[in-house]
Amino acid sequence: MRYDVAVIGGGPSGAVAAAVLAKAGIRTVLLERNLGNVKPCGGAIPLGLIEEFSIPPELVEKKLSHMRARSPKGRSIEMHMPNGYVGMVRREKFDRWLRDEAEKAGAVVMEGLMESIRPAGDGWRITTLNGKVEPFEAAHIIGADGANSKTAVELGFPPNELKVIAMQQRFHYTPEIERFRDIVEIWFDGEVSPDFYGWIFPKADHLAIGTGTEEGKHSIKALQKRFVEKIGITEPSYLDEAAKIPMKPRKSFAAEKHVLVGDAAGLVTPANGEGIFFAMRSGRLGAEAMVRHIREGAPLKAYEKEFRRLYAPIFFGLEVLQSVYYRNDRLRESFVAICRDDDVQRITFDSYLYKKMVPAPWSVQMKIFTKNIFHLLKGA
Ligand SMILES: Cc1cc2nc3c(=O)[nH]c(=O)nc-3n(C[C@H](O)[C@H](O)[C@H](O)COP(=O)(O)OP(=O)(O)OC[C@H]3O[C@@H](n4cnc5c(N)ncnc54)[C@H](O)[C@@H]3O)c2cc1C
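Basis of the calculations
Residues numbered from 1 in each chain as written. Predicted model: local features only at pLDDT ≥ 70, side-chain atom pairs only at ≥ 80, totals over all residues. Heavy atoms only, no water. Helix = DSSP H or I, 4+ residues; strand = E, 2+ residues; numbered from the N terminus. Expected span 1.5 Å × (residues − 1). Buried < 20%, exposed > 50% of the residue type's maximum accessible area, 1.4 Å probe, protein only. Pairing = 2+ DSSP bridges. Polar contact = N/O pair within 3.5 Å; in protein donor to acceptor, adjacent residues only side chain to side chain. Contact = heavy atoms within 4.5 Å. Axes fitted to C-alpha atoms, helices over the stretch in contact; angles between N-to-C directions.

## Thoughts on helix H1 (residues 12–23)
For H1, spanning 12 residues, the distance from its first C-alpha to its last is 17 Å, which sits close to the expected 16 Å at 1.5 Å a residue. All buried positions along H1 are accounted for by Pro12, Ser13, Gly14, Ala15, Val16, Ala17, Ala18, Ala19, Val20, Leu21 and Ala22.

## Observations regarding the pairing of strand E10 (residues 123–128)
Remark: a regular strand shows side chains that alternate across the two faces of the sheet. When you tally the buried positions in E10, you get 5 out of 6 residues, the bulk of the element. In this sheet, E10 lies alongside strand E9 (residues 114–120) in antiparallel orientation, the contact comprising 6 bridges. Residue Ile117 lies in a different strand from E10, and its bridge partner there is Ile126. The loop that links E9 with its antiparallel partner E10 comprises 2 residues; one of these, Gly121, has a positive phi angle of about 60°. In terms of strand pairing, E10 meets strand E11 (residues 136–143) through 3 bridges, oriented antiparallel. Within E11, the position partnered with Ile126 by the bridge is Phe136.

## As for the side chain of Gln168
Mapped onto the fold, Gln168 is located in strand E12 (residues 163–172). A distance of 3.5 Å separates a polar atom in the side chain of Gln168 from the backbone nitrogen of Gly42. The residues touching Gln168, leaving out its near neighbours within four places in the chain, are Cys41, Gly42, Trp199, Ala208, Ile209, Gly210, Gln224, Leu239, Asp240 and Glu241.

## Focus: the environment of Gly42
Counting through the fold element by element, Gly42 comes out in the loop between strand E2 (28–32) and strand E3 (44–46). A residue is classified by how much of its surface remains accessible, and Gly42, at 12% relative accessible area, is buried. Distance from Gly42 to Gln168, taken between C-alpha atoms, is 7.7 Å for residues 126 residues apart in sequence. The contacts of Gly42, once residues within four sequence positions are left out, are Met88, Val89, Gln168, Trp199, Phe201 and Lys203.

## A word on the sheet that holds strand E15 (residues 206–214)
Read from one edge to the other, the open sheet built from 7 strands follows the order E6-E5-E13-E14-E15-E12-E16, with strand pairing classed as mixed. A single partner strand is all that each edge strand has here, and the edge strands are strand E6 (76–80) and strand E16 (239–246). Each neighbouring strand pair of the sheet contributes to a mean axis angle of 20°, computed without reference to strand direction. Across 5 bridges, strand E5 (residues 66–70) lies against E6 in antiparallel orientation. The partner of Ala69 across the bridge, within E6, is Ile77. Those strands touched by helix H9 (residues 342–354) are E5 and E6, and its axis lies near 55° from that of E6.

## With respect to the environment of Pro82
Of note, Pro82 is situated in the loop between E6 and strand E7 (86–88). Under the relative-accessibility criterion, Pro82 is labelled exposed at 65%. The spatial distance from the C-alpha of Pro82 to the C-alpha of Pro40 is 30 Å, given a sequence separation of 42 residues.

Geometric descriptors of this kind do not, in isolation, establish any biological role.
Written as structure tokens, this is what we have:
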């Protein structure tokens, strides 16, 4: 069987791409190494994503409009989102639903671990490792196989430069952690993460607690252990998971006949490690560009250009924020102090919920700038 497009990887980016292609009448195969895969992930998604992709309410097990930021000195500030919420999903259900949507649209979904992609005629021949799937051919490829993308290696894309290693543990609710049931808590604390942050995400029947750090610099297990101790949890976790997060777009993620989407392309924002939205958005944009390419010969590079046009300012802004404030505890203390400001909260949540950079009025910008300088000089 020869397909028009092979999508490698059935996470959010690949499933969305396959659905868009199949809906457009393109012969599409979605190859996922493990259809029961549970991707290690906090599962926090913004309201804008839930609306855009019509995520069914039963998949969003919590809608949280309160958030607490905690500084290294243990000061906490509470923030409220008056116009929206962070939705909490469980990846095992979420990814399955997305793949089912792709299948309903007409994509062929197969379980197999891609082993090689070799040129064949004017397309590609794909083989799998476990032998469950016979080798097959496709004219075009979308690589959606995550942070360690083998597709990117096989097709010669430049490397994923910066990776964070993140660990998360799940805890059943007990009286000692009951207080976290309805609020997102973020810890900016060098003892929990010297270059990222720690999170406490409530789910319907458990608490997901995790932290991250740049790959190869610190022991993620030691950081996570300290975080759990600092929270005061004495009960053991019932599930531990860890994975890499690519925190910088690859230098190029679109070529003549193939593109990368989601984590495979490195599309996770610095500072907050948000990747699900960008995975689904890039899956959609990459697949739409592929449809135009197949039908009209339009260049696939247009996809990368469009993604950068829409989101490069957000990536840049968050990169600056991370490099300024995540350097030491004095700066983290300042950062949390600045978050107390209502205008800072409004701007942060507006851009998080709908991924739109809305410039604040000059008066507000000046006020935030002055507060920034004040807190930085004062060390909070
Ligand atoms: C601990 C942790 C917490 C996180 N928390 C959040 C959060 O709260 N909110 C958020 O927005 N983002 C979060 N992220 C990031 C988010 O998980 C990713 O950005 C997102 O999953 C990217 O989706 P994707 O489809 O591009 O890749 P993935 O979800 O990684 O999917 C890739 C798929 O490809 C498959 N695959 C891999 N290799 C092959 C192969 N050779 N052949 C076939 N299939 C293959 C895998 O099995 C997998 O299903 C977190 C990440 C981590 C590690």
